[in-house]
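Coordinates in review
For reference, the chains in residue letters:
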Amino acid sequence: MYAMSSTVELTKENFDQTVTDNEFVLIDFWADWCGPCKQFAPVYEKAAEENPDLVFGKVDTEAQPELAAAFGIQSIPTLMIVRDQVAVFAQPGALPEAALTDVIGQARNLDMDEVRKAVAEQQAQQPAE
């Protein structure tokens, strides 16, 4: 088994702290039995090495079912990006390297004031259930 270099293993114990303490966190929801997850792992690891200023976390959905449930993770791998405690990206499927690089670039360039405004507007438009 290779050592996890630049990625952080996220658990229900350290998840909130990690997301609160860092303004930009990428989260890979994965499991050991998942083939696409294993294919995505080296791509994610490489991106982590190329973006040392960002936090790259991994959530083992088998070990952390509560976290997977809390985020409504239906299929894995799912990549989620959280900026300033707002999930700005969530997509299932193993992304190719170029797509991951692109998504990280887009997330870096987001105007978080605009994002928060959009989130507030979206929540205001949703009918109460």
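Criteria and cut-off values
Residues numbered from 1 in each chain as written. Predicted model: local features only at pLDDT ≥ 70, side-chain atom pairs only at ≥ 80, totals over all residues. Heavy atoms only, no water. UniProt positions renumbered as here; feature names shortened; annotations may be inferred. Disulfide = S-S within 2.5 Å. Buried < 20%, exposed > 50% of the residue type's maximum accessible area, 1.4 Å probe, protein only. Pairing = 2+ DSSP bridges. Helix = DSSP H or I, 4+ residues; strand = E, 2+ residues; numbered from the N terminus. Core = buried A, V, L, I, M, F, W, Y, C linked by side-chain atoms within 4.5 Å. Contact = heavy atoms within 4.5 Å. Phe/Tyr/Trp six-rings, centres within 6.5 Å; stacked < 30°, edge-to-face > 60°. Axes fitted to C-alpha atoms, helices over the stretch in contact; angles between N-to-C directions.

In the annotation of an unreviewed UniProt entry, the chain is listed under the name Thioredoxin and assigned to Streptomyces indiaensis. For the chain, the Sequence similarities (unreviewed entry) comment in UniProt is given as "Belongs to the thioredoxin family."

Quick notes on the state of the cysteines
One pass over the structure, following the stated rule, counts one disulfide. The partner cysteine of C34 in its disulfide is C37, sulfur to sulfur 2.3 Å. Its S-S torsion of approximately 85° makes the covalent link between C34 and C37 right-handed. Neither residue differs from the other here; C34 and C37 are each classed as buried.

Structural notes on the pairing of strand β5 (residues 86-92)
Strand direction decides the pairing type here: strand β4 (residues 78-83) and β5, joined by six bridges, are antiparallel. Residue pairing for β5: I81 is matched across the bridge by F89. Counting the residues that bridge the hairpin from β4 to β5 gives two residues, and of these D84 lies at a positive phi of roughly 50°.

A short note on the nonpolar core
Ranked by size, the top nonpolar core spans 18 residues in total, and within it F15, I27, F29, V59, I73, I76 and M80 carry the most contacts. Of all the secondary-structure elements, those providing two or more residues to this core are α1 (15-21), β2 (24-30), β3 (55-60), α3 (65-70) and β4. Looking at this core, the element that brings in the most residues is β2, giving four residues. Excluding residues that lie within four positions of it along the chain, F29 makes contacts with V59, T61, L67, A68, F71, I73, I76, P77, T78 and M80. Judged by nonpolar contacts, the second largest core, of 17 residues, contains A47, L54, L95 and V103.

What to know about the packing of aromatic side chains
Tallied over the full model, the rule gives four aromatic pairs. Ring centres 5.8 Å apart and planes at 55° place the aromatic pair F29 and F71 in the tilted group. Here F71 lies in the loop between α3 and β4 and F29 lies in strand β2, a separation of 42 residues in the sequence. On the accessibility criterion, F71 (33% relative accessible area) is partly exposed. When the centroid spacing of 5.6 Å and the interplanar angle of 40° are considered together, the rings of F40 and Y44 count as tilted. Pair noted here: F40 and Y44 are both in helix α2 (residues 35-50), with a separation of four residues, about one helical turn. Across the pair, Y44 and F40 agree in class, each one buried. Clustering of aromatic rings is evident, with ring pairs tying together F15, F29 and F71.

Some points on the sheet that holds β2
A sheet is described by the order of its strands in space; here five strands give the open sequence β1-β3-β2-β4-β5, paired in mixed fashion. With one partner strand each, in any of the chains shown, β1 (7-9) and β5 form the two edges of the open sheet. Each adjacent strand pair in this sheet contributes to an overall mean axis angle of 25°, direction not counted. Against the sheet, α2 makes contact with β1, β2, β3 and β4, and its axis sits at roughly 160° relative to β3, the strand it touches most. Strands in contact with helix α4 (residues 97-109) are β2, β3, β4 and β5; relative to β4, the strand with the most contacts, it is inclined by about 20°.

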